[in-house]
Amino acid sequence: MPTVNPSQASLVPPQVHQHTTRITRATLEASLPHLRAALTAATFIAVDAEFSGLPPGGPDAGSSGNIATRYAKLREHVASHALLSIGIAAFRPAQAAGGGAGAGAGPRGAGAEAASSSSSSSFCSLFEIALLPSRPFTLSPSSLTFLVDHGFDFTHHFARPTPSQEPTAQPPAPPPAPPPPPHRALQRELAAHLLSHPTAPLVLHNGLLDLMFLYHAFYAPLPETLDVFVNNIADLRGGSRGGLYDTKYVAEFGQAERVSWLGYLFRRAEREMGTPAVVGGDCGIGSGGNAAQPWRGEERGRELAAGSGQPR
């Protein structure tokens, strides 16, 4: 993480105008245009995923050994477990979006952005996507307990999830003439923007397992070898295509941090920069967008940024 002078940061506290859209089966079709606009306009995209279980020893298991062997074990884990939820935060400078067609990223997007002219302000379009694969998968009790303890509502999740059907062959061909069903359109949007956005970097934290789940769920089956996987990711994210950043790697090897858990890094940076002013809240499109629902706009956005999922 970049070094910040607290005395300078406190003079201009950052403002984050945040807009949250919760995507389920009921809201999927109406939400897709907002998701597409936000991802297309993003200057960088952060992703946090929740799985039906972590491998024995956590995502770092075997990190001190052979990386090819570690990849092979994680590949087996991805094949037997499921991607349950994705949190996507698409950031751009608030003044850069200025009310254009893509600025909304949701019903209240333009109004929120107009609320500030500070040069340090930014707009964050936050999307919570509940997924349910069509195939059988393994649920790990310890991971489920952890998710419940941190506010994950499985009853609500399994009542109205977005269907997820993993690719069975090579990357999907261009769309046929008839429009694809909404869940297929969602998978194509996520593959196009998360894995191969033309300019916006993708930001993860300890993200090898997240990246493998995203690849497997939305792009193609995971290759058998690490070399092929790395080459494919390089083709998708390399060159002028935005790149890929892992904040745990940056903290440990760029800043020599002794503690690199995301929640700790976030709270420390928040203290150094001054508490950000967060403006925004939930957006319910179609059915189900009220304050009584378990996913909270500002709170969930801060949890996502702080790494509220299984600690890594």
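Before reading on, note that the structure itself is shown above.
Calculation criteria
- Per chain, residues are indexed from 1 in the order of the written sequence.
- Under the rules for a predicted model, residues below a pLDDT of 70 receive no local features and side-chain atom pairs below 80 are neither given nor counted, while totals for whole chains, interfaces and linings still include all residues.
- Values shown for side chains rest on all heavy atoms present in the structure; no hydrogens or waters enter the calculation.
- Put simply, DSSP marks the helices as runs of H or I at least four residues long and the strands as runs of E at least two long, and each gets a number from the N terminus on.
- Each residue is assigned to one of three classes by its accessible area relative to the maximum for its type, calculated with a 1.4 Å probe on protein chains only: buried under 20%, partly exposed between the two thresholds, exposed over 50%.
- By definition, residues are in contact when any of their heavy atoms lie within 4.5 Å.
- Put simply, two rings from Phe, Tyr or Trp (the six-membered ring, in Trp's case) pair if the centres are within 6.5 Å, and we call them stacked under 30 degrees between planes, edge-to-face over 60, tilted for the rest.
- Definitions used throughout: a 1 Å grid over protein atoms alone; a cavity as a set of points that fits a 1.4 Å probe which cannot get out; a pocket as an open set with protein on both sides within 12 Å along at least five of seven lines; a lining residue as one with an atom within 4 Å of a point.
- Grid points are joined across faces, edges and corners, and a volume is the space filled by probe spheres set on the points.
- For this classification, Asp, Glu, Lys and Arg are treated as charged, while Ala, Val, Leu, Ile, Met, Phe, Trp, Tyr, Cys and Pro are nonpolar and the rest, including Gly, are polar.
- A patch consists of residues exposed above 30% relative accessible area that lack any salt bridge, with like charges linked at up to 9 Å and nonpolar side chains (Val, Leu, Ile, Met, Phe, Trp, Tyr) linked at up to 5 Å.
- Per-residue accessibility takes into account occlusion by the displayed protein chains alone, with areas from the Shrake-Rupley method and a 1.4 Å probe.
- We define a salt bridge as a side-chain nitrogen of Lys or Arg found within 4 Å of a carboxyl oxygen belonging to Asp or Glu.
- To estimate the expected span of a helix, subtract one from its residue number and multiply by 1.5 Å.
- The arc in question is formed by the directions pointing from the helix axis toward the C-beta atoms.
- N or O atoms closer than or at 3.5 Å make up a polar contact, with two conditions inside protein: a donor-capable atom paired with an acceptor-capable one, and, for residues adjacent in sequence, both atoms drawn from side chains.
- Strands are treated as partners if at least two bridges between them are detected by DSSP.
- Buried Ala, Val, Leu, Ile, Met, Phe, Trp, Tyr and Cys residues that are joined via side-chain atoms within 4.5 Å together make up what is termed a nonpolar core.
- To define axes, lines are fitted to C-alpha atoms, for helices over the stretch in contact only, and angles between the resulting N-to-C directions are given on a 0 to 180 degree scale.
- Here the angle decides the label: under 35 degrees means roughly parallel, over 145 means roughly antiparallel, 65 to 115 means roughly perpendicular, and every other value means oblique.
- With the far helix as reference, a near helix turned anticlockwise by less than a right angle produces a left-handed crossing, and one turned clockwise produces a right-handed crossing.

A. How the structure looks around the overall build of the protein. Secondary structure assignment for the protein yields 13 helices and eight strands. Here the protein holds 312 residues, and the buried ones make up 49% of them. A separation threshold of at least 6 residues defines the contact pool for the protein, and within that pool the share at least 24 residues apart is 82%.

B. Representation of the packing of aromatic side chains. The full count for this structure, using the stated rule, is seven aromatic pairs. Residues F152 and F154 carry aromatic rings whose centres are separated by 4.6 Å and whose planes lie at 50° to one another, so their mutual orientation is tilted. On the numbers, 5.1 Å between centres and 65° between planes, the contact of Y215 with Y219 is edge-to-face. Taking relative accessible area as the criterion, Y215 reaches 2% and is therefore assigned buried. What makes Y219 buried here is its relative accessible area of 19%. Taken together, the ring pairs connect Y71, Y215, Y219 and F229 into an aromatic cluster.

C. Expanded view of the layout of surface pockets. The volume enclosed by the second largest pocket comes to roughly 650 Å³. Considering the residues around the second largest pocket, the lining is formed by 22 residues, among which R70, G207, L208, D246 and Y249 are closest to the centre. Contributions of two or more residues to the lining of the second largest pocket are made by α3 (67-80), α9 (208-218), α10 (226-237), β7 (244-246) and α11 (247-254). Among the elements that take part in the lining of the second largest pocket, α11 stands out by supplying five residues, more than any other. Class assignment of the residues belonging to the lining of the second largest pocket gives a composition of 13 nonpolar, four polar and five charged.

D. Here's a closer look at a nonpolar patch on the surface. Nonpolar side chains collect at one region of the surface, where Y249, V250 and F253 lie side by side and expose about 340 Å² of accessible area between them. Tracing the backbone shows F253 in helix α11.

E. Region of the structure containing the side chain of S52. Looking at the element boundaries, S52 is found in the loop between β2 (44-51) and α3. Ignoring any residue separated from it by four or fewer positions in sequence, one finds S52 in contact with H81, A82, L84, F137, T138, L139, S140, S143 and L144.

F. Summary view of α3. Helix length check: α3, at 14 residues, gives a terminal C-alpha distance of 20 Å against a target of 20 Å (1.5 Å per residue), a fit within 8%. When α3 is considered as a whole, its buried residues turn out to be R70, Y71, L74, H77 and V78. With its buried residues spanning 120° around the axis, α3 presents them on a single face. Seen from the open side of α3, the exposed residues pointing more than 90 degrees away from its buried face are K73 and E76. Packed against the buried residues of α3 are α9 and α10. Between the side-chain oxygen of the N-cap and the backbone nitrogen of A68 there are 2.8 Å, and the N-cap of α3 in question is N66.

G. The pairing of strand β4 (residues 122-133), seen in detail. Among the twelve residues in β4, eleven count as buried, and that is most of the element. Bridge count for strand β3 (residues 83-93) against β4 is nine bridges, and the pairing is antiparallel. Among the inter-strand pairings, A90 is bridged to a residue of β4, identified as S125.

H. How the structure looks around α10. Taking 1.5 Å as the rise per residue, α10 with twelve residues should run 16 Å; its terminal C-alpha atoms sit 16 Å apart, in good agreement. When α10 is considered as a whole, its buried residues turn out to be L226, F229, I233, L236 and R237. Viewed end-on, α10 has its buried residues packed into an arc of 95°, placing them on one side of the element. Facing away from the buried surface of α10 by more than 90 degrees, the exposed residues are D227 and D235. The elements touched by buried residues of α10 are α3, α8 (182-195), β6 (202-204), α9 and β7.

I. Region of interest: the nonpolar core. Core analysis: the largest hydrophobic core is formed by 45 residues, its most contacted members being I45, V47, L83, I86, I88, L190 and F218. If you tally residues by element for this core, the top one is α9, at eight residues. A82, L84, L147 and F154 belong to the second largest nonpolar core, which has five residues in total.

J. Summary view of the environment of P133. As for its position among the elements, P133 is in strand β4. A relative accessible area of 8% means that P133 is categorised as buried. Counting along the chain gives 51 residues from P133 to A82, while the straight-line C-alpha distance between them is 6.9 Å. In this structure, P133 is in contact with A82, L83 and S164, ignoring residues within four places of it in sequence.

K. Layout of the packing of α8 against α9. The interhelical angle for the contact between α8 and α9, taken along N-to-C directions, is 140°, at an axis separation of 9 Å. Relative to α9, the element α8 is oriented oblique. For α8 against α9, the interelement crossing comes out left-handed. Contact residues: α8 offers Q187, L190, A191, L194 and L195, while α9 offers L211, L214, Y215, A217 and F218.

Any functional reading would require information beyond the geometric quantities listed.
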